[in-house]
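Analysis of the macromolecular model
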Amino acid sequence: TVVLASPDGKIGLYRKGQDGPTMIPLPAGVTSINALAKLDASRIVAATNRGLLIYDISKGDVRIESVRSGAQLSVAVKEIFIDNRRRIWAFSDGNGVTMINTNDWTQQWMAATADNPLLVTRSEAPFMHQDNFGTVWVVPVGGTFSYYDEVSHRLVPYILQSSGLAETDLPTINKFMI
């Protein structure tokens, strides 16, 4: 199965042997799709103007999960990342990042700021990466480069500096490749 999405809020499924796409009926008010990711063998997640759209391919079920909270006022999700524990990390227009546990659909909004404003590393685009050790690295909107501490369940700021005789800070990540 191949899943395709258009920026104007349409999702189509192409299956082997099928002549054309099967369009997925989306909830009312979904007018834009900003990102698409595979959650597991039967579910996909879309970042939309109304929040997270969860589509179960095997059941044909569609639902919306809002990321709006007291700290996160925006309902629109601009970018998503799914880590190896199947947690969804959602970036919105507001500050911070929201982590969604897909086992029980609980949410945790997080931000990270550096104690010294001169040591902040921001990113021009949503930055998310999980390394070979399973550590999730993120630059939350309006925050600084940090990692998710699995024990304390929070983002911990991490100072990016070059090593050597002339240490320099990295103030902005404007391009990256993972």
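Each remark here, short or long, concerns the structure printed above.
Below is a summary of the structure that appears in this document. (Residues numbered from 1 in each chain as written. Predicted model: local features only at pLDDT ≥ 70, side-chain atom pairs only at ≥ 80, totals over all residues. Heavy atoms only, no water.)

Spatial strand order, 4-5-6-7: four strands in an open sheet with antiparallel pairing. Whereas interior strands pair on both sides, the edge strands pair on one side only; in this sheet they are strand 4 (33-38) and strand 7 (61-65). Taking each pair of neighbouring strands and ignoring which way they run, the sheet shows an average axis angle of 20°. Of the pairings in the sheet, the one linking strand 5 (residues 43-48) to strand 6 (residues 51-56) comprises six bridges and is antiparallel in character. Following the sheet pairing, Val45 is matched in strand 6 by Ile54. (Pairing = 2+ DSSP bridges. Helix = DSSP H or I, 4+ residues; strand = E, 2+ residues; numbered from the N terminus. Axes fitted to C-alpha atoms, helices over the stretch in contact; angles between N-to-C directions.)

Within the structure shown, the criterion is met by eight salt bridges. Ionic pairing is found between Arg87 and Glu150, a salt bridge with its closest N-O pair at 2.7 Å. Of the two residues, Arg87 sits in strand 9 (residues 87-92) while Glu150 sits in the loop between strand 15 (146-149) and strand 16 (154-157), which places them 63 residues apart along the sequence. On the accessibility criterion, Arg87 (7% relative accessible area) is buried. Glu150 gets classed as partly exposed once you look at its relative accessible area, which sits at 24%. Residues participating in the shared-partner salt-bridge network are Asp83, Arg85, Arg87 and Glu150. (Salt bridge = Lys/Arg side-chain N within 4 Å of Asp/Glu carboxyl O. Buried < 20%, exposed > 50% of the residue type's maximum accessible area, 1.4 Å probe, protein only.)

The next subject is the packing of aromatic side chains. With the rule as written, the count across this model stands at six aromatic pairs. Ring plane angle 75° and centroid distance 5.4 Å describe the contact between Trp89 and Tyr148, whose orientation is recorded as edge-to-face. Residue Trp89 is found in strand 9, and its partner Tyr148 is found in strand 15; the two are separated by 59 residues along the sequence. Taken individually, Trp89 and Tyr148 each receive the classification buried, so the pair is uniform in this respect. Ring pairs connect the aromatic residues Phe127, Trp137, Phe145, Tyr147 and Tyr158, which therefore count as one cluster. We note Arg63 situated over the ring of Trp105; from NZ or CZ to the ring centre the distance is 4.3 Å. (Phe/Tyr/Trp six-rings, centres within 6.5 Å; stacked < 30°, edge-to-face > 60°. Lys NZ or Arg CZ within 6 Å of the ring centre and 35° of its normal.)

The three strands are arranged 1-2-3 in an open sheet whose pairing can be described as antiparallel. In this open sheet, the two strands that pair with only one neighbour each are strand 1 (2-6) and strand 3 (22-23). In this sheet, strand 3 lies alongside strand 2 (residues 10-14) in antiparallel orientation, the contact comprising two bridges. If you follow Leu13 over to strand 3, its bridge partner there is Thr22.

In short, shape yes, function no, at least from these values alone.
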